[in-house]
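Residue-level structural notes
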Number of protein chains: 2
Amino acid sequence: MNLPTQVKIVEVGPRDGLQNEKEDVPAEVKIALVDRLSAAGFANIEAAAFVSPKWVPQMATSRQVMDGIARKPGVIYSALTPNLQGFEAALAARADEVVIFGSASEAFSQRNINCSIAESIARFEPVARAAKEHGIRLRGSISTAFGCPYQGEVPLAAVSDVVARMRDLGCDEIDIADTIGVATPRHAQAVMAAAIAAFPIERLSGHFHDTYGQALANIYASLELGIAIFHSSVAGLGGCPYAKGATGNVATEDVLYMLNGLGIDTGIDLDQVVDAGAYISQFLGRKGASRAGNALLAKRAP
Amino acid sequence: MNLPTQVKIVEVGPRDGLQNEKEDVPAEVKIALVDRLSAAGFANIEAAAFVSPKWVPQMATSRQVMDGIARKPGVIYSALTPNLQGFEAALAARADEVVIFGSASEAFSQRNINCSIAESIARFEPVARAAKEHGIRLRGSISTAFGCPYQGEVPLAAVSDVVARMRDLGCDEIDIADTIGVATPRHAQAVMAAAIAAFPIERLSGHFHDTYGQALANIYASLELGIAIFHSSVAGLGGCPYAKGATGNVATEDVLYMLNGLGIDTGIDLDQVVDAGAYISQFLGRKGASRAGNALLAKRAP
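Rules and cut-offs
- Residues numbered from 1 in each chain as written.
- Chains lettered and ligands numbered in written order.
- Predicted model: local features only at pLDDT ≥ 70, side-chain atom pairs only at ≥ 80, totals over all residues.
- Heavy atoms only, no water.
- Axes fitted to C-alpha atoms, helices over the stretch in contact; angles between N-to-C directions.
- Helix = DSSP H or I, 4+ residues; strand = E, 2+ residues; numbered from the N terminus.
- Parallel < 35°, antiparallel > 145°, perpendicular 65-115°, else oblique.
- Contact = heavy atoms within 4.5 Å.
- Nonpolar A, V, L, I, M, F, W, Y, C, P; charged D, E, K, R; others polar.
- Pairing = 2+ DSSP bridges.
- Buried < 20%, exposed > 50% of the residue type's maximum accessible area, 1.4 Å probe, protein only.
- Least-squares fit on C-alpha atoms with pLDDT ≥ 70 in both.

1. Thoughts on the packing of helix 11 (residues 252–261) of chain A against helix 12 (residues 270–284) of chain A
Residues and elements named next belong to chain A.
- At a minimum axis separation of 10 Å, helix 11 and helix 12 run at an interaxial angle of 170 degrees. What the angle tells us is that helix 11 and helix 12 run roughly antiparallel. Taken together, the residues of helix 12 that come into contact with helix 11 (itself represented by T252, E253, L256, Y257 and N260) are L270, V273, V274 and G277.
- Taken together, the residues of the contact of helix 11 with helix 12 sort by class into five nonpolar, three polar and one charged.

2. Details of the environment of A:L262
- As for its placement among the helices and strands, A:L262 is situated in the loop between helix 11 and helix 12.
- Residues A:L262 and A:P4, 258 residues apart in the sequence, show an inter-C-alpha distance of 9.8 Å.
- Those residues within four positions of A:L262 in sequence are excluded, and the remaining contacts are A:L3, A:Y220, A:L223, B:T184, B:P185 and B:R186.

3. Things to note about the sheet that holds strand 7 (residues 204–207) of chain A
All names here are of chain A.
- Spatially, the eight strands close up into a barrel ordered 1-2-3-4-5-6-7-8, and their pairing is parallel. The sheet shows a mean angle of 30 degrees between the axes of neighbouring strands, taken without regard to direction.
- Contacts from helix 2 (residues 27–40) reach strand 1 (8–11), strand 2 (44–49) and strand 3 (76–80) within the one sheet, and its direction differs from that of strand 2 by about 165 degrees.

4. What about the sheet that holds strand 7 (residues 204–207) of chain B?
All names here are of chain B.
- If you trace the eight strands once around the closed barrel, you get 1-2-3-4-5-6-7-8, paired in parallel fashion. Each strand of the sheet is rotated relative to its neighbour by a mean of 30 degrees, with strand direction disregarded.
- Of the strand pairs in this sheet, strand 1 (residues 8–11) and strand 2 (residues 44–49) are connected by two bridges, and their pairing is parallel. Within strand 2, the position partnered with E11 by the bridge is I45.
- Strands strand 1 and strand 8 (229–232) of the sheet are contacted by helix 11 (residues 252–261), whose axis makes an angle of about 175 degrees with strand 1.

5. Let's talk about unusual backbone geometry
All names here are of chain A.
- The backbone of R94 sits at a positive phi, close to 60 degrees, despite the residue not being glycine.
- At A235, a residue that is not glycine, the phi angle is positive and equals roughly 60 degrees.
- Position of A235 relative to the elements: it lies in the loop between strand 8 (229–232) and helix 11.
- A residue is classified by how much of its surface remains accessible, and A235, at 5% relative accessible area, is buried.

6. Focus: the relation of the copies chain B and chain A
- In the superposition of chain B on chain A (RMSD 0.0 Å, axial shift 0.0 Å), the rotation amounts to 180 degrees. The operation mapping one copy onto its partner corresponds to a two-fold rotation axis. By C-alpha distance to the rotation axis, the residue of chain B lying nearest is B:A217, at 2.0 Å.
- Comparing contact sets, 100% of the residues at the interface of chain B also lie at the interface in chain A, consistent with an isologous, same-surface contact.

Here it is as structure tokens:
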């Protein structure tokens, strides 16, 4: 079985990661983090969310961040946009990609936004149309695709269905997320295969959480299927909102360590990512959650 | 590719794990831990080491532990035996299996015990002969098979060679250890394949460390080869002696979570393992190092 020779890592720490941090992180720290990440070689960084600051105060600095970063040519800086108002703000902030989202779990959709999956995706139609009109990349993010805190199992047909809806909205890339980190490798392959059935594999990505320590095994299993885009978060930024004290996003350093060992090209310098992780962990006043990051930092110590 | 339908987990926390803990753990705590683990369903528990208490003070209680545990019929309680004196002590303590050891790295062997790999294995001949005479199971443990802190890469031929030497001593089971946790999945497969070339696969085990977060991916990759025995340590007991602050043994709870998700039978109850991990972590006064363990404990909290 041949693995992909190249993989794109979407670094989600500055948005998806920090959004789950309680401590307010000032714009200048976020800017320094994003700039360290682009310097390390990431081609795609999730940097902002244009959402109501009432709901997500941590993201209130999104415009400042987008204005303050040193744009590196070729890098895609993504922003979450829940509605047309968010899209307009992302446009004004010169986001290269906007991200819309939905769930693969009916129970999750109903509990979180009081509507069905189909209704929630349909609500993004104006955002999708506007993105196309302005020639901005559109990403669809699908949560709880591997399991749901409310309904438990999520049918594979539901995954294919929501991927098809995202595809029909014109998404350029779609990520399949294990929001609560419950997937194990063969189930991960089954879910990714259900997504592949509805969308071109080269534009599909896996967003795995390390809540139960399974993320790298799931990424390896997804590589075996041919998936070549993965999300990860520097220093493992972002806890799991459904289990206090538990881990959330898989750490970028751990993913890179594996990809490097597998001989897969990412264009990213692991040492610089370790530096970026140490930078933000120091700001947050704690040890980073990346095992590879911590081991490499320990090796550097005299 | 079919995975094994049954897997044996060798729980090494009470010996390999605790040996690396600085705080002295009294015999009664070790006994309670071993008994919790046998009750959880492990068929093989590394419980003792009959080594010089001058060198490894934590293991000075080994006889007390072996005398104090509630032997569960069918469970193999293993003991590390560096020499004939250790073997005699293990015999007196009624160990079901004795463990001899060697390295796959010449540099590691020279730096640690001032002799070649071949010489170090040959020194175990009297122990191996005595084990056979007394009808006691003999396990060979091969360290630094995936990488060495001194020489870096370890040739695959060196792995096959030391496995063959252990086989010729009459080992019933041989474990291949990633002492410094540097393996990634395809390299893990190559090393395990080199071992399979010299020893029956059904008696070979993988001992992976999570120093760089790679252990579960390596275990999954080894399952794909057909390896069906793995070592792990409850609550991830045992740091990595080569990188302070870094993780050592892969946590049993994480391994079990994956095997359960893969539908692989282990005969072990994950909830009881989580309890055992919470018990020893509480004694050590810290949070356990198992991600699945911590997530499951967080879910239990009201």
